[in-house]
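Now for the letters of each chain:
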Amino acid sequence: MRVKFKVKHIVLYVLLPLLLISSTVYILMMPQVSAWLYGRANQSLAEQRTELLEDLAKASAPERINIIRQKVIGSGGSYTPFSFDVYIGSNSSQSGGDSDSASPLQPAEQIDLLNEYIAQSTPGYELEDASQQLVFLYDSLGQQQQADQALQQAMARFPTPSEQRSQLAILQAGRLLNEGNAEEAKEVYQKIHPETLSQNTDLNAAYTLLHARLLYTDHQADQALAVLTDAIKELKENSYSSGSDPASSMGYTPLTRMQQSIQTAIRMDEYTAGTIQGTLKRSDGTPVAGAGVFLIAEGDLNSYSSNVFDSGPYHTMTDAKGRYAFHAVMPGFYQLRLGLSFQQVDGWTWQVPADPWIHVTKGKQLQQNTVLQPLIQLKQPVNDQIITDNQIVFSWQPVKGAAYYNLEGGIQYPNGSTRSVVKENIRTPSLTITAEELYRMSMGFSYGSSGDFDSVVPESMLSFMNPNGRLSWNVIAYDSNGQQISQSSGYRLTRESMGNLPFFYLKNRTLTPADRILLDKKPEEALAAYRQDVAANPQDTHALRMLTRLLSAKQSIMENTEGEAEYIKLMQRLLALSPSSQDASTLADYYYRQQDWTAYNKYHALYLALNDGSENEIALSSYDRSTYAVALMRQNKLQQAVQQFRLAMQQDPDHRFVGSYIANRLYMDRTLESALALAEQYPQHESEQGVYFWTNLLRDMQAERKQYSNTAQYDQELQQKLGWYVQGHEDRLKPWASQSSKDTPIMQKFMKALLEVR
Amino acid sequence: MTSDHSPNEQQQIRKQLEQELQSIQFKGHDHVLHQTHPESLRSRIHALWNYEFDISLRPAGIAGALTATTFAAFLILFNDPSPSVQDPASSSSPSSQRQLIQIGGNTYWQDQYEQAVKQDES
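Residues numbered from 1 in each chain as written. Chains lettered and ligands numbered in written order. Predicted model: local features only at pLDDT ≥ 70, side-chain atom pairs only at ≥ 80, totals over all residues.

## Re the overall build of chain B
The line we're drawing: The secondary structure listing takes helices from DSSP runs of H or I that are at least 4 residues long and strands from runs of E that are at least 2 residues long, numbered from the N terminus. With C-beta atoms placed from the backbone, the exposure class of a residue follows from how many other C-beta atoms lie within 10 Å of its own: 20 or more, buried; 12 or fewer, exposed; in between, partly exposed.
Helices and strands together make up the secondary structure of chain B, namely 5 helices and 3 strands. Listed by position from the N terminus, the elements making up chain B come as α-α-α-β-α-β-β-α. When burial is assessed residue by residue, chain B has 8% of its 122 residues classed as buried.

## Here's the deal with the sheet that holds strand β18 (residues 430-434) of chain A
Residues and elements named next belong to chain A. Our working definition: Following DSSP output, two strands are said to pair if at least two bridges run between them. Orientation is described by lines fitted to C-alpha atoms, with helices fitted over the stretch in contact, and by angles between N-to-C directions that extend from 0 to 180 degrees.
With antiparallel pairing, the 3 strands of this open sheet are ordered in space as β13-β15-β18. At either end of the open sheet lies a strand with only one pairing partner, and these are β13 (378-380) and β18. This sheet shows a mean twist of 20° between the axes of neighbouring strands, independent of strand direction. With 2 bridges connecting them, β13 and strand β15 (residues 391-396) associate as antiparallel partners. Bridging from a neighbouring strand, L378 pairs with W396 of β15.

## A look at the packing of helix α7 (residues 144-156) of chain A against helix α8 (residues 163-179) of chain A
Two quantities define a packed helix pair, namely the angle between the helix axes and the distance between the axes. All names here are of chain A. Put simply, the test is: Angle categories: roughly parallel below 35 degrees, roughly antiparallel above 145, roughly perpendicular from 65 to 115, and oblique for all the rest. Each crossing gets its handedness from the near helix: less than a right angle anticlockwise from the far helix is left-handed, clockwise is right-handed. Note on contacts: residues are paired as contacts if their backbone-placed C-beta atoms lie within 7 Å. Basically, the charged four are Asp, Glu, Lys and Arg, the nonpolar ten are Ala, Val, Leu, Ile, Met, Phe, Trp, Tyr, Cys and Pro, and anything else, Gly included, counts as polar.
Orientation of α7 relative to α8, taken along the N-to-C sense of each, is 160°, at an axis distance of 9 Å. Here α7 lies roughly antiparallel to α8, going by the angle between them. For the element pair α7 and α8, the recorded crossing hand is left-handed. Residues L151, A154 and M155 of α7 touch α8, and the partners they reach there are R165, L168, A169, L171 and Q172. Within the contact of α7 with α8, the residues separate by chemical class into 6 nonpolar, 1 polar and 1 charged.

## Structural notes on the packing of α8 of chain A against helix α10 (residues 201-217) of chain A
Residues and elements named next belong to chain A. α10 packs onto α8 with a crossing angle of 30° between their chain directions and a minimal axis gap of 10 Å. It follows from the interaxial angle that α8 and α10 lie roughly parallel. In the packing of α8 onto α10, the handedness of the crossing is left-handed. In this structure, α8 uses Q167, I170, A173, G174 and L177 to contact α10, whose residues at the interface are L203, A206, Y207, L210, R213 and L214.

## With respect to helix α9 (residues 182-190) of chain A
All names here are of chain A. What counts, and what does not: By arc we mean the arc of the directions from the helix axis to the C-beta atoms, nothing more.
Those residues of α9 that sit buried are A185, V188 and Y189. Buried residues of α9, seen end-on, are gathered within an arc of 100° and therefore sit on one face of the element. For α9, exposure combined with an orientation more than 90 degrees from the buried face picks out E183, E187 and Q190.

The following block contains the structure:
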């Protein structure tokens, strides 16, 4: 093919645009220009600081105010007070990402400039922003008194009434209430002019929340509820009239959550707010000042928002001695979450308590001391060391007070990584295991999309058997009560805290042809190749192991149980050739679901034997223990089941299987009272129906029984239906529980709920 | 004067003339035209402006691909991924554009981590 074109075409359409583009780029790349355009993004913070301080020194008084507004307060509300680099809680550890928002100035310098601004600028939104920032800065230095004073002074700069003054007053009243000065908080609250807030739903909600908390603290729970209900109604009406969804409007969620918690409190006869206080210190006793402490209500735990308003009304910062306190806390269940700076968290970790729930009830004063522990330093194998031996010696720095350690192994693959427990209950700060033991470990497999077996990640299938795979490891230390003390994983942001890199390679074996086919992303062909290997040599444990892994992954990815029989058979053969507790547990779990108790008992016993622990030790996870208890119950070993259920409740702070425990107890004792006592003792957390679900259900059932014409008949019916559940006749129970037109709707609801326990 | 050459003779002379002139060729068309019709600057520019290239795509494509590859290789080889403003002495103080990386259960500053891995390799 040939093309013809004229000189003028080249000039017009190629050279001229190129010239234009390159000259623009050149101009943009010039340091002065880019600095002017991107706000000195390429400068280091130290350079920015020097320049800013120089500019300020040169400027006249009015110019200084302008510079502070632009460079210190920030423009366009990009600054959110009360935000932290890292949040740590029981089911979240998240970081704010990069350090884009870092200010080049030292906190003390910022404080001086903000004070100057507040004293000299004209009142407006920037002044209010500056006040909030100043309060946050003082708090973060552990100087709460100065923060209170600054807030007072800033408020005086605004006229009454004004929206900004009201906003600062809400902040002040909230602080006073958290500090336990309910009377002063009330005074501040009463001076707020609510009409100034009318346009701002967010502020309005904050105002209502404050009002409700003040009322509740004043033992006026019903009024508090009414105030919230009215506010929610108004908010709904406003958003419907503007055609938007009320749930998406600012302030709706915190209002409804507070409404629910007061409703629950009233139902549970709780009319007094509680107090939680404590300290945040490092293990050497040094207080951590200026750290954020959040008290998160049970229903809010899964919202990962770091927005201070979404996290509820209970947030504060530790003072210079690391102390913090929350007063006027609604009854209910809470967990702590910390907000730390990179400097505070670097090289340290906070281990959430084994039972993270804080129960605020009957106005009790609770003490919750929190200790940061240094990260465990790993000794070997580290820094991408290559191991060719048949034995691997892991060793790490011992932790004071540790009774045992768990070691986890991980594999890195192109787009991710997985981790899994390699060994539990290690009594020394070192562990020697054979390569074969690592090979037996299967990891959670990764895949691209369900229904596409080819998308399985080969590296996740081979796990530790891939000599080219980069492996990682970490340890967790526990005390004798099973409480986590410290761990090796965490934030390592300086050269000192980085320590050894937790990576190594295990090059103890070579890939088989079938492995290569798998790594070539042809799982179906690999499956056939492994099958051939097993046929050629029935003792080939590697091929057998890979065959079971691929079959199991295929079933999950293709979402069918085709080939399950073959898989189970192969698993049994593998277990006989190369016994591993993990595989025994897989088989026990399979027979649990099949309700084949003979087989279940066999593999459960094998699992315990291979895990070298007796059944009452920490050898079983809370979930395994719970299913073991259910298995005992199904085999009519009710007394043994009770024993295991009790241990499971102690192990699992969420009490996931409490429903089955209640059924077992009720079937044995035949009294609703003892069942109710259990429900109260072990509230089920993190369930959709709420923490008092079983308590309320059993209370309702007591009432239903009382109203029933013939109590003996009611008891008989209950015993029969419980029998069906206990003995595993779900096929009979299910249709009965979903029948309509029964005169025992609560009993039916109870049975339905039991069927959902898993 | 009447022609005393016969047509046959005429033809022969012509043939002879053609033979003699065979080695002489006139190549001055352009020169003559240029002298008789002098070209303006404008028209010359116009000619250049409208000058037509005729290029076979295949060699052009190969040449283009080669240039692009060289350019890409140049970019890869000479583009240092580590931040240029990073002062190694003060690397513990956060610069305004550092990225975190989560790997092996830990969280590191990406540049520091990459440096450490490089060190272990050497």
